[in-house]
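Tertiary structure, described
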Amino acid sequence: MIERRTVMASAVWHGLAAVLALIAVGPAVWLVLVSLQPSGTSLHSASVRGLTLENFAEAWKQGQLGGPALNSVLVTSARVVLNVLIAAMAAYPLARMSFRGRDTVFVLLLATMMVPEQVVLVPMFRTVAGMGLFDTLAAVVLPFSVTAFGIYLCRQAFLAVPTELEEAARIDGCGPWRTWLHVMVPLSAPTLATLALFTVLGSWSELLWPLIVLQDREKMTLPVAMSSLMSGAFVTNVRLAYAASVIALLPVVVVFLFAQRFLRPDAFGGAVKG
Amino acid sequence: MSTDVSQDRKLDRRGALRCAAALVAGAALGGGLSGCVGRGGTRLTLWTLALRPWFDEYMRGQIAEFEAAHPGVVVEWSDVPFDALERKLIAAASAGRAPDVVNMSDLNFARFASLGAFAPLDVAAKERYLPSALELCQLRVRGGGERRVMGLPWYVTPQVSMVNTKLLARAGMTAASMPRTWMGLLDEAGRYRVRASERGGGRGGGGGGFLFSQPLGEESQIPIMMLGEGIVPFSENGSGLIAEVDRPDVVEYVGRWVKAFGAGLLPRAAGTTGHAHLLQMYQDGELAAVSTGPSFLRRIKAAAPEVFAATEIVPGTTGKLGRAHMPVMVLGVSSKSREPGLATALAWHLTSPASQTAFCRLAPIMPSSVASLSDPFFAERDEGGLVEQAKLESVRSLRTATAFTAALDVWPDMRRSLEDGMKRVLLDGADLRRSLEAVNEEWRGLLALSVRSGLDAVPRPGPAAGLDDGDSGRVGRVA
Amino acid sequence: MTGTGQQRLVPMVFLMPALLILGGFVLAGFAQVAYYSFTEYSAFSDPKWVGISNYTELLGRGDFLRCLANSAMYLLVTPAIVGLSLVAAMSVASGIRGAGWYRVAFFLPVVTPTIVAALAWRVLYDENSGLLNAGLEVVGIGGVRWLSEKPWTLVAAMLVTVWKGFGFYMMVLLAALVAVPRDLKEAAALDGAGRMGTFRHVVLPSIWPALALVGVVSSISALKVFDEIFVTVKGTPITHQTVVPLMYQLAFERGRFGLASAAGMMLFAVILALSVLNLRLSRRGGAA
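Counting restarts for each chain: residues are numbered from 1 in the order of the written sequence. Going through the entries in the order they are written, you letter the chains from A and number the ligands from 1. Side-chain atom pairs in this predicted model are given and counted only at pLDDT of 80 or more, local residue features only at pLDDT of at least 70, and totals for whole chains, interfaces and linings cover all residues.

Quick word on the overall build of chain C
Here a helix means four or more residues in a row that DSSP labels H or I, a strand means two or more in a row labelled E, and each is numbered from the N terminus. On a plain count of helices and strands, chain C comes out with 13 helices and two strands. The principal-axis extent of the C-alpha atoms belonging to chain C is close to 75 × 75 × 30 Å. Our contact criterion uses C-beta atoms placed from the backbone: two residues qualify when those atoms are within 7 Å. The long-range share in chain C, meaning contacts at least 24 apart out of those at least 6 apart in sequence, stands at 68%.

Remarks on the domain arrangement of chain B
Where interface size is quoted, it is often the accessible area lost as the parts come together. Residues and elements named next belong to chain B. In terms of domains, chain B is made up of domain 1 (42–158 + 327–388) and domain 2 (160–325 + 410–449). The domain boundaries here were taken from an automatic or database domain assignment. With centres defined by C-alpha atoms, the gap from domain 1 to domain 2 works out at 29 Å. Facing eleven residues of domain 1, the contacting portion of domain 2 comprises twelve residues. The set of elements that each furnish at least two residues to the side of domain 1 that touches domain 2 consists of α4 (106–114) and α16 (386–398). When residues of the side of domain 1 that touches domain 2 are assigned to their parent elements, the largest contribution, five residues, is made by α4.

Details of the pairing of strand β8 (residues 234–237) of chain B
All names here are of chain B. When DSSP finds two or more bridges between two strands, those strands count as paired. Direction of pairing for β8 relative to strand β9 (residues 240–243): antiparallel, over a ladder of four bridges. Considered in β9, the bridge of Phe 234 is made with Ala 243. Counting the residues in the hairpin turn of β8 and β9 gives two residues.

Observations concerning the nonpolar core
Here is a general trend for soluble globular proteins: nonpolar side chains tend to be buried in one another's company. With 307 residues, the main nonpolar core has Ala 87 of chain A together with Ala 18, Leu 173 and Ala 263 of chain C as its most contacted residues. In terms of residue count, helix α8 (residues 150–178) of chain C provides more of this core than any other element does, 19 residues in total. Excluding residues that lie within four positions of it along the chain, Ala 87 of chain A makes contacts with Val 146, Gly 150, Ile 151, Cys 154 and Leu 195 of chain A together with Ala 18 of chain C. In these notes, a nonpolar core means any group of buried Ala, Val, Leu, Ile, Met, Phe, Trp, Tyr and Cys residues linked to one another through C-beta atoms within 7 Å. Buried residues are those with 20 or more other C-beta atoms within 10 Å of their own C-beta, exposed residues have 12 or fewer, and partly exposed residues lie in between; C-beta atoms are placed from the backbone.

A closer look at the interface of chain A and chain C
Between chain A and chain C, the residue contacts involve 71 residues of the former and 79 residues of the latter. Elements that contribute at least two residues to the side of chain A that touches chain C include exactly α1 (7–36), α3 (66–96), α4 (102–111), α5 (117–130), α7 (148–159) and α13 (238–259) of chain A. No other element matches the 14 residues that α1 of chain A contributes to the side of chain A that touches chain C. Each residue is assigned to one of three groups, with Ala, Val, Leu, Ile, Met, Phe, Trp, Tyr, Cys and Pro labelled nonpolar, Asp, Glu, Lys and Arg labelled charged, and all others, Gly among them, labelled polar. Per-class residue counts for the side of chain A that touches chain C are 55 nonpolar, eleven polar and five charged.

Some points on the sheet that holds strand β11 (residues 311–314) of chain B
All names here are of chain B. Spatial ordering of the open sheet is given by β10-β7-β11, a layout of three strands whose pairing is antiparallel. The open sheet has two edge strands, β10 (289–292) and β11, and neither has a second partner. Strand after strand, the sheet turns through a mean of 25° between neighbouring axes, direction not considered. Bridge count for strand β7 (residues 160–164) against β11 is four bridges, and the pairing is antiparallel. Bridging from a neighbouring strand, Val 163 pairs with Glu 312 of β11. Each of β7 and β11 is contacted by α16, which is oriented at about 15° to β11, the strand it contacts most. Orientation is described by lines fitted to C-alpha atoms, with helices fitted over the stretch in contact, and by angles between N-to-C directions that extend from 0 to 180 degrees.

Here's the deal with the environment of Gln 32 of chain C
Looking at the secondary structure, you find Gln 32 of chain C in helix α1 (residues 4–36). In the structure, Gln 32 of chain C is positioned 91 residues away from Val 123 of chain C in sequence and 39 Å away in space, judged by C-alpha atoms.

Let's talk about the environment of Pro 223 of chain A
Considering the arrangement of structural elements, one finds Pro 223 of chain A in helix α12 (residues 222–231). With 212 residues separating them along the chain, Pro 223 of chain A and Ala 11 of chain A place their C-alpha atoms 41 Å apart. When near neighbours in sequence (up to four residues on either side) are disregarded, Pro 223 of chain A contacts Ser 205, Glu 206, Leu 207 and Ala 248 of chain A together with Pro 113 and Ile 115 of chain C.

A short note on helix α15 (residues 353–362) of chain B
Each α-helix turn comprises 3.6 residues. Residues three or four places apart therefore point the same way. Residue and element names in this part refer to chain B. Turning to α15, its buried residues number three or more, namely Ser 355, Gln 356, Phe 359 and Cys 360. Projection of α15 onto a plane perpendicular to its axis shows the buried side chains occupying an angular sector of 130°, all on one side. Residues of α15 that are buried make contact with α2 (56–69), β6 (151–156), α14 (340–350) and β13 (366–367). What the arc measures is the spread of directions leading from the helix axis to the C-beta atoms.

Examining the packing of α1 of chain A against helix α6 (residues 114–125) of chain C
Remark: α1 of chain A packs on α6 of chain C, axes separated minimally by 9 Å, with the N-to-C direction vectors making an angle of 85°. With respect to α6 of chain C, the axis of α1 of chain A lies roughly perpendicular. Residues Pro 27, Ala 28, Trp 30 and Leu 31 of chain A of α1 of chain A form the contact with α6 of chain C, whose participating residues are Val 116, Ala 117, Ala 120, Trp 121 and Leu 124 of chain C. Roughly parallel means an angle under 35 degrees; roughly antiparallel means over 145; roughly perpendicular covers 65 to 115; every other angle is labelled oblique.

Re the sheet that holds β6 of chain B
Residues and elements named next belong to chain B. Taken in spatial order, the six strands make up an open sheet running β2-β1-β3-β12-β6-β13, and their pairing is mixed. Where the open sheet ends on each side, the last strands, each with one partner, are β2 (73–80) and β13. As judged from the five bridges shared by strand β3 (residues 101–105) and strand β12 (residues 328–333), these two strands associate in the antiparallel manner. Each residue of the ladder has a partner; that of Val 102, found in β12, is Gly 332. Where α4 meets the sheet, its contacts fall on β3, β6 and β12, and the angle it forms with β3 comes to roughly 125°.

Let's talk about helix α10 (residues 195–223) of chain C
With 29 residues, α10 of chain C extends just 36 Å between its outermost C-alpha atoms, more than 12% less than the 42 Å of an ideal straight helix rising 1.5 Å per residue. If you look at α10 of chain C, its biggest bend is around 55°, right at Trp 208 of chain C, and the proline Pro 209 of chain C turns up within four residues after that. Given a helix with a known number of residues, its expected span is that number minus one, times 1.5 Å. The reported bend at a residue is simply the angle between two axes, fitted to the 7 residues ending at it and to the 7 residues beginning with it.

Observations regarding the environment of Met 230 of chain A
In this fold, Met 230 of chain A is placed in helix α12. Along the backbone, Met 230 of chain A and Ser 245 of chain A are 15 residues apart, and their C-alpha atoms lie at a distance of 9.9 Å.

Details of the pairing of β6 of chain B
Residue and element names in this part refer to chain B. For β6, the tally of buried residues reaches six of six residues, placing the bulk of the element in the interior. Strand direction decides the pairing type here: β6 and β12, joined by four bridges, are antiparallel. Within β12, the residue paired with Pro 153 across the bridge is Val 330.

Side note on the packing of helix α4 (residues 77–93) of chain C against α10 of chain C
All names here are of chain C. The N-to-C vectors of α4 and α10 enclose an angle of 140°; their axes lie 9 Å apart at closest approach. It follows that α4 is oblique to α10 by the angle criterion. Where α4 crosses over α10, the two elements pack in a sense that is right-handed. Facing α4, whose interface residues are Val 77, Thr 78, Ile 81, Val 82 and Ser 85, α10 presents Leu 211, Val 214, Gly 215, Ser 218, Ser 219 and Ala 222. In the contact of α4 with α10, the residues fall into six nonpolar, five polar and no charged. Take the far helix as the reference: if the near one is turned anticlockwise from it by less than a right angle, the crossing is left-handed, and if turned clockwise, right-handed.

Here it is, written out as C-alpha cells:
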C-alpha cells in the first residue's frame, strides 16, 4: 500500500504525525516521569535528577497491589473468553441465517449500547444480588460477558465472509456448528482478536461496577484497590498514586503491543462499509 | 447424507447442552465463590470508612471481643474508600443488602438519616459521649416530634494548626505571633504576601505562596467558620426554622472571604478544590499554615521531610468563639437491619470508652466518649516530637471544640446550595448579595420539605471560656 | 437448511447466551430504570409512584437544562475527533517511515485507563504550576483557568475526551482508507485530478460510511461521558457539568433515584435519535 509521495508531502505528514504523537504520548510519559522522580521533587517539575524505581516498589508494597492485580487478571481473562465466544456465536445467526424476528433481536441487542451506565447499574446490582452472586467475582464478570458492540463487530466480520466458502462447507456435510467453528471463526480471526483486545481494554480499568458489587477486600480488582488508595493511603503522597497508576497501566500496554500485530486494517472487516 | 443430518442434530443438541452446562456451571461457581454464608448463627455486616490496612488488627480485635461476648454471632467487616460509600450504600440498600452497622462521616450522616437509612436508637447516650458530638447525631425524623438519637458518635478529630516556620520567618513572623482566628489570618494574609515577595523566592502564584487557605467553594468551610464566628444564618418562629443566609451580617462575613479571594490573598484552588489542596500545597511549601486533623502530620513526614522539619503545632484556628471545629465519625444502625438489637450492641461496643481509648493509642484521633479522657494516655506530658505535640494540642482543644454541623436532615443540601452559590461568586464573578439571596430562596425551599426543626438543631455555643472556668456555652462540663 | 424445527432451534441456540446475558442484565436493568423514572425512590424506602412528575420537574429544573446545554456543547468533540483521527489515519496510511510506531503512539491514550488519564491531565491543567499554563505563558497567552472558569472547565474535559478517543477512531478510518480501491485512485490521477481532487471525489465518498460511523459513535460517547468530568474537573459546580454527572448526583447524593432514572430515559431517547441518524447518514452519500 505504499504510494509514492513527494518529499514535501512526506514531510508534512511526518510533521503532523509527530505533533499528534507527542500530544498522544505526552501525558503518559509525564506520568511515568513523575513516578520515577525521587520523593522530594515538586510534582510540577520536569527534572530528571535522581530517577529511581523506589516509588513503584513502595506503591506496590504499601498498596498491597498483588492480590488485586491477580483478581483483575482473572476477571479480564474470563471476560475476554466469554465475550469472544458468546459474541461470535450470536453473530452467526444474525449475519447468516434468516428467521422470524431476526432484525428485532438485532435492534434490541444494539439498544443495550445506548443505555446510560450510571443509573442502570443499580437495577443490575439488584438482579445480581437476587441471583445470589453478591460480592463474587462471577458477578463482576457475568453481566459484561458479552456486549452489543462485540456482536456488531463479529456480525460485520461474518458478513464479509464469502458465501461460497460456507456453501462449500455445507456441501461437505458440515452442520451449523461445524461451519461456524471451521469456516466463520477462523476467517474472522483478526476481528476476534480485535474484540479480545477491546475487551481487555474495557475490563482492566473498570471501576464502577466492581466497586459496587464487591465487598470482601480479598476480591477487589486493581482499579478498586487503587481508588481506595487514592483517597486513603496515597492522598497526600500523590507521587505514589502516580506510581500505582503506572503499574496499573503497564499490563494493558504490554498486551496492546503484543496484540497490535493483529490490528491490521482488515480487522475491521466490513464495519467500514456501513 | 442422512447420517450427516442426524449428526448435525446431535451436534446441535450437544451444542445447546454445552451452553446450558456452561451457564449452570458459571452460576454455581459464582455461588461457591461467594464465600461462607453464615452456617448457623447470626450474621452482622459492618462497614467502616478508610480504616484498612492500618487498623486491621485493632478492628479484628474489637470484633473478636464482641463475638466472644455474643456467642453465635459472626461479624463480617468490610472497609470502604471515602468516595465510594454513597454509591455502595445506595446500591446495597436497593438490593436489600444494606449493612447492619455503617460508619459515616458527620457530613453525610444527616442526609442518609433523612432518606430513612437509619433506625432510631434507644440507648442511654447522654452521659456517655461528648455533648457536642452527640448533638449532631440527634435528629428529628418524619412524623415524630422529638429529636431522637439516630447514630452514635465514634472518633473525632479536632483540628489543630500546623505552620511552616521557615516560610513564616521569610515574612517576619513566628509561630507565636500567628493570629489565632480566621479573621486575624485574613488581615495578616495581605501583609504576608507583600513581605514574602519582598524577600523573594518561591514559585507558583508568585512569592512564597500564601499564608493560609480554606476551601471556600468545593467542600466549603464557610458554614462551619460562620457558626464558629457566632453568626447563625437562621432564626426561628412558631413553625420552625427560618433561613436567613442573606442577612446583612452574614453577607458581610462572607464578603470578607470573597474579597480576600478576589485580591489573590488565597489560592484559586480555594474555590475549586476541597481539603486536598490544603495538604498538597502545604507539602509543596506553598502554604505557611494549614488547619486540619493531626493525622496528616505523619504523611507529611513521609512525603515532604523538609517541610516536616520546619513545622510547628499551634492551637487550631477558630472563629470569634474560640472553639475549634471537630469533625465526627458516626456509626449508624440500618433501618432495614434484621438484627437491630445486636447491631446496636455492636455500635455500642465500638464506641465504648475502652475501645476508643485503645483506638486512640493507634491513631491521632480523639475519642467521643467522655470516660476515655480520664485515661492517663491523654494527660499532658512534656515530651518532644511533633506528633506528640499534635496529640496534646488535640486533647487541649477537645475541651472547647464543637462539632459545627447542624442536626438538620437538609443541612448537606443547604451546604451544597451554599457551595454552588460561592462558586458562582468566586469563579463566575456573580454578585454576592444576589447570590446569597438566591441561596436563601433555595434554603427556604429545602426547609419547607424538611422535617420541622428548631434552632436547637444548630450549634450555637457561647464563647469558650478559659480552662479554669469550666461551665459556659450550651455544652456541659467539657466546654 | 429447511425444516421449521431446525429453522428456529439453531439460531436460538447460537443466540441464547447473548440473549440471556444482555436480556437478563442490561435490558432487565433498563426496564427497571424505566419503571423507576415514574417513581420517587431513595433506595432506603419503597418506590412511590408519581407518574410523569419526574419528567416535568426535570424540564423545569435550571440545573438540568444547563447540563443539557453543556452536553450539547460537549458534542463539539465529534468534529474534533473526526478531524484528528482522519489526519492521523491519513498520515499513517501515507506510507511514511515509522508509520507503525506512530500508530502505536496514537493508540496509547486509548489504552490508558481513564482514571489515570484524568489524574495526569489534572496535574497538567493546574492553574498555578501546570505545564499547560506554563506553555501558554511562554507563547504569550496568559494562563487559562482550566479548572475553575466557566467555559474552560468544559473545554478541559472535552480535550481529555478527544485525546483519549482519537486513536481508536483512527484505526477505523485507517481500515477504510486502506480499503479504497487503488485503481480508482490511479484512474483519477490519470484523468488529471490533483491530490485534492482525488481526495474529494474518490477517497472521501469511499470512506463516507466510516466517517459517519465515527461521527455517531463518538457523539454517543460524548453524551454518555462521565469520568472526564467527574475526575478531571472535579469540584466545578453542577452548572459546569453535563447530564450524566447530574444523574449521578441526583441518584447517589440527593437520594432521588427516580429523578435520575427519568434523566437517564431522556438521554436514551436522544441517543436513539442519533443512532437513527447514523443509519440514514451512512446509507446516503456512500459511493461503494
